[in-house]
Amino acid sequence: MQIQEHTAAQIQATVEAAARISDDWARSSAQTRAEFLRGLGDVLVDNRQELVRLADEESALGAVRLNAELDRTTFQLGAFADHIETGNAFALTDDEAIAGAPPVGRPRLTRVRVPLGPVAMFSASNFPLAFSVLGGDTASALAAGCPVVVKAHPGHPRLSRRVFELAQSVLAKQSLPQAVMGFVEGASVDVGVALVRNPDIAAVAFTGSFKGGKALWAEANSRPRPIPFYAELGSINPVVALPAALSAQAEELAQALAASIEFGSGQICTSPGVVVLIEGADADRFENALCDALQTRKTHTMLTPGVKRNFDAGVARLTRAPGVQTVLGAEQDSDDNAPPRPLLARTSAANFIADPTLREEVFGPACLVVRVKSADEIVNVLNAVGGSLTVTLWGAENDSADVRRITRCATQIAGRVLFSGVPTGVAVARSQQHGGPWPTSTEPFTTSVGYAAMDRFLRPVALQSAPAWLAELGGRPC
Ligand code: NAP
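Nothing here was measured: the structure is a model prediction, and the numbers come from that model.

Chemist: Before we move on, could you go through the domain arrangement of the protein chain and cite the residues and values that matter?
Modeler: Segmenting the protein chain into domains produces domain 1 (8-233 + 441-471) and domain 2 (238-418). Taken over C-alpha atoms, the centre of domain 1 sits 33 Å from the centre of domain 2. Domain 1 puts eleven residues into the contact, and the matching count from domain 2 is twelve residues. Regarding the contact of domain 1 and domain 2, the summed buried area is about 830 Å², with carbon and sulfur atoms giving 64% of it. Ranking the residues of domain 1 by area buried against domain 2 places Ala60, Arg65 and Asn126 at the top, with a combined share of 40%. Here domain 1 is connected to domain 2 by zero salt bridges. On inspection of domain 1 and its partner domain 2, the count reaches two residue pairs in polar contact (both at pLDDT 80 or more). For the side of domain 1 that touches domain 2, the per-class residue count stands at four nonpolar, four polar and three charged.

Okay, here's the thing in structure tokens:
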């Protein structure tokens with residue numbers, strides 16, 4: 001289907017409408033917002049069959065995965081509804097006045113949080129439901145009291161339009177202003193750029209590639225008044241398999257890792273792109289088992305022809321790089337609709353550290369084994385990665401100086417550190433942190449998954465000696 005190219009005037013009108021109702025939405029009750037979020041979840045469930053079919057036609061991700069993604073999207077919407085209803089919509093901290101001279105004496109201070117205003121939300125290609133029109137960014141911004149203007153992803157235009165239509169039907173049914181959610185689309189980058197430049201846009205939530213996110217981040221920062229730009233970008237998610245884990249369960253871990261690499265044809269931001277092994281017989285055994293397991297996995301067509309071409313280019317770059325040996329998958333089928341073949345390659349720590357191109361995300365089922373000789377080299381490899389959504393440490397159960405050093409390093413470079421399991425799969429919870437240091441995220445102090453995602457759209461304000469009428473609002477904007 002043809003992607004509609006919204007004009008500058010249409011984008012302007014959509015954002016202006018959002019700005020007009022912004023104060024009203026900021027002042028809306030937690031119950032109003034919660035009902036709206038639940039209504040959105042319900043309408044997704046009610047139209048499950050149609051939405052999953054559309055999503056499958058446009059993404060090739062398959063009904064099983066897409067049904068699970070729809071469940072997750074509904075869960076997120078409901079979770080934010082619960083979160084704001086249980087006192088978190090207008091959470092505040094209050095310091096009573098203390099008589100006397102400073103520093104002990106002070107006026108009464110109440111720290112409240114005000115919604116930023118209209119949020120531009122860029123959908124991702126690889127989560128047509130959970131990181132798209134009604135995905136986590138939209139849910140958290142609406143819960144915070146911000147209207148949302150969605151930039152649809154050109155990879156799934158029909159699905160995006162349909163989900164937006166359904167959202168509009170919920171707004172109408174609940175007698176809420178239609179402009180609480182706006183929608184723009186276009187096949188060129190101009191639409192997204194115009195949205196980010198619009199003076200009424202107060203913040204941007206972006207999920208997508210490093211290249212796209214960096215370009216739009218620069219736009220947000222070069223506005224006369226720069227705005228917060230929350231981008232969740234690509235990641236290579238190192239998995240460190242320490243000897244204690246490999247000696248005990250090399251085969252099982254290899255199976256689990258192969259499934260994680262292959263999941264969604266590798267088109268997942270938390271896909272494990274690097275595995276770090278200490279040289280030795282167990283490392284050989286693990287690598288052989290991983291190679292065998294990957295050969296038995298079945299991938300599916302990639303999201304778009306462009307994603308497949310980028311994957312093929314990434315495979316060529318990796319396999320032709322000096323000091324890299326291909327274990328599996330160097331030859332790819334050049335047909336854009338052909339499923340990608342899992343790539344497994346190997347290099348040394350020194351090579352990985354020296355060549356920055358080996359640390360670029362290859363979006364698809366690709367994994368680079370980095371062979372190291374010591375705990376020092378593990379730390380050096382992780383430091384070379386610099387920023388990642390996740391680091392997985394297998395075999396860290398027993399405390400030792402080396403295990404502590406590697407763990408410390410992992411926490412310095414990643415938003416989430418796993419001590420068992422695989423990095424694909426991100427639970428929606430209070431303690432979740434999805435976002436790590438650059439180049440994974442532009443705002444590593446924030447998360448795009450979990451309840452804390454709402455904090456991105458709320459700016460703290462200290463009210464000093466607030467009059468009674470204002471204090472009585474209990475943090476709700478006036
Ligand atoms: P993408 O190509 O960057 O697209 C994301 C959005 O950005 C699209 O709406 C795209 O619109 C727009 N865009 C891209 N470049 C632009 C530019 N220069 N100027 C203006 N707009 C631009 O990424 P994707 O294909 O959706 O997703 C794949 C990437 O997302 C992978 O790297 C993956 O790791 C990452 N990802 C990260 C997370 C996370 O949570 N960290 C989650 C999912 C995916 P146009 O196509 O119209 O330009």
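Chemist: Let's hear about the nonpolar core: which residues, and what values?
Modeler: As a rule of thumb, nonpolar side chains are buried together in soluble globular proteins. Core analysis: the largest hydrophobic core is formed by 96 residues, its most contacted members being Phe36, Leu142, Met181, Phe352 and Phe457. When residues no more than four places from it in sequence are discounted, the contact partners of methionine 181 are Phe36, Val133, Leu134, Thr138, Leu142, Val148, Val150, Phe164, Ala167, Gln168 and Leu171. Residues Ala241, Leu257, Ala289 and Leu344 belong to the second largest nonpolar core, which totals 24 residues.

Chemist: Which residues make up the packing of helix α7 (residues 190-197) against helix α8 (residues 210-221), and what values do they have?
Modeler: Contact pair α7 / α8: the axes reach a minimum separation of 9 Å and the direction vectors enclose 30°. In terms of orientation, α7 and α8 fall into the roughly parallel class. Considering the relative orientation of α7 and α8, their crossing is right-handed. Between α7 and α8, the residues in contact are Gly192, Val193, Val196 and Arg197 and Leu216, Glu219 and Ala220, respectively. Looking at the contact of α7 with α8, its residues break down into four nonpolar, one polar and two charged.

Chemist: I'd love a proper account of the site of the ligand, names of residues and values included.
Modeler: The full set close to the ligand counts 25 residues, and Ser125, Gly208, Ser209, Glu361 and His434 are the nearest of them. In this structure, leucine 233 approaches the ligand through a main-chain N or O atom, which is 2.9 Å from a nitrogen atom. Histidine 434 is positioned such that a nitrogen or oxygen atom in its side chain is 2.7 Å from an oxygen atom of the ligand. Contributing elements (two or more residues each) for the shell around the ligand: β6 (203-207) and α8. Looking at the shell around the ligand, the element that brings in the most residues is α8, giving three residues. Partitioning the shell around the ligand into residue classes produces eleven nonpolar, eleven polar and three charged. Looking at the shell around the ligand, you find at least three residues from each of domain 1 (8-233 + 441-471) and domain 2 (238-418).

Chemist: Any chance you could break down the packing of aromatic side chains for me, citing the residues and the numbers?
Modeler: Scanning the entire structure with this criterion turns up ten aromatic pairs. Aromatic side chains phenylalanine 80 and tyrosine 451 sit 6.0 Å apart centroid to centroid with 90° between the ring planes, which places their arrangement in the edge-to-face category. With phenylalanine 80 in helix α4 (residues 63-88) and tyrosine 451 in the loop between β14 (414-418) and β15 (458-464), the pair connects residues that are 371 residues apart, well separated along the chain. Taken individually, phenylalanine 80 and tyrosine 451 each receive the classification buried, so the pair is uniform in this respect. With a centroid separation of 5.0 Å and 55° between ring planes, the pair formed by phenylalanine 127 and phenylalanine 131 is classed as tilted. For the pair shown, phenylalanine 127 and phenylalanine 131 are each scored as buried. Here the aromatic residues Phe122, Phe206 and Phe229 are joined through ring pairs into a cluster of three or more. Positioned above the aromatic ring of tyrosine 230 is the side chain of arginine 456, whose terminal nitrogen or guanidinium carbon lies 5.7 Å from the ring centre.

Chemist: So what about the UniProt feature "domain: Aldehyde dehydrogenase" (unreviewed entry) in the protein chain? Which residues, and what values?
Modeler: With numbering aligned to this structure, UniProt lists the feature "domain: Aldehyde dehydrogenase" (unreviewed entry) at residues 2-417. Strand forms 16% of residues 2-417 and helix 49%; the C-alpha atoms that close the span are 42 Å apart.

Chemist: Describe the side chain of serine 140, with residues and values.
Modeler: In this structure, serine 140 sits in helix α5 (residues 136-144). In this structure serine 140 comes out as buried when scored by relative accessible area, which is 0%. There is a polar contact of 3.1 Å between the side chain of serine 140 and the side chain of arginine 456. What serine 140 contacts, discounting residues up to four positions off in sequence, is Phe80, Ala453, Met454, Arg456 and Phe457.

Here is what the cut-offs are and how they apply
- Residues numbered from 1 in each chain as written.
- Predicted model: local features only at pLDDT ≥ 70, side-chain atom pairs only at ≥ 80, totals over all residues.
- Heavy atoms only, no water.
- Domains from an automatic or database assignment.
- Contact = heavy atoms within 4.5 Å.
- Buried area = accessible area lost by both parts, 1.4 Å probe.
- Salt bridge = Lys/Arg side-chain N within 4 Å of Asp/Glu carboxyl O.
- Polar contact = N/O pair within 3.5 Å; in protein donor to acceptor, adjacent residues only side chain to side chain.
- Nonpolar A, V, L, I, M, F, W, Y, C, P; charged D, E, K, R; others polar.
- Core = buried A, V, L, I, M, F, W, Y, C linked by side-chain atoms within 4.5 Å.
- Buried < 20%, exposed > 50% of the residue type's maximum accessible area, 1.4 Å probe, protein only.
- Axes fitted to C-alpha atoms, helices over the stretch in contact; angles between N-to-C directions.
- Helix = DSSP H or I, 4+ residues; strand = E, 2+ residues; numbered from the N terminus.
- Parallel < 35°, antiparallel > 145°, perpendicular 65-115°, else oblique.
- Left-handed = near helix turned anticlockwise from the far one by under 90°.
- Near = heavy atom within 4 Å.
- Phe/Tyr/Trp six-rings, centres within 6.5 Å; stacked < 30°, edge-to-face > 60°.
- Lys NZ or Arg CZ within 6 Å of the ring centre and 35° of its normal.
- UniProt positions renumbered as here; feature names shortened; annotations may be inferred.

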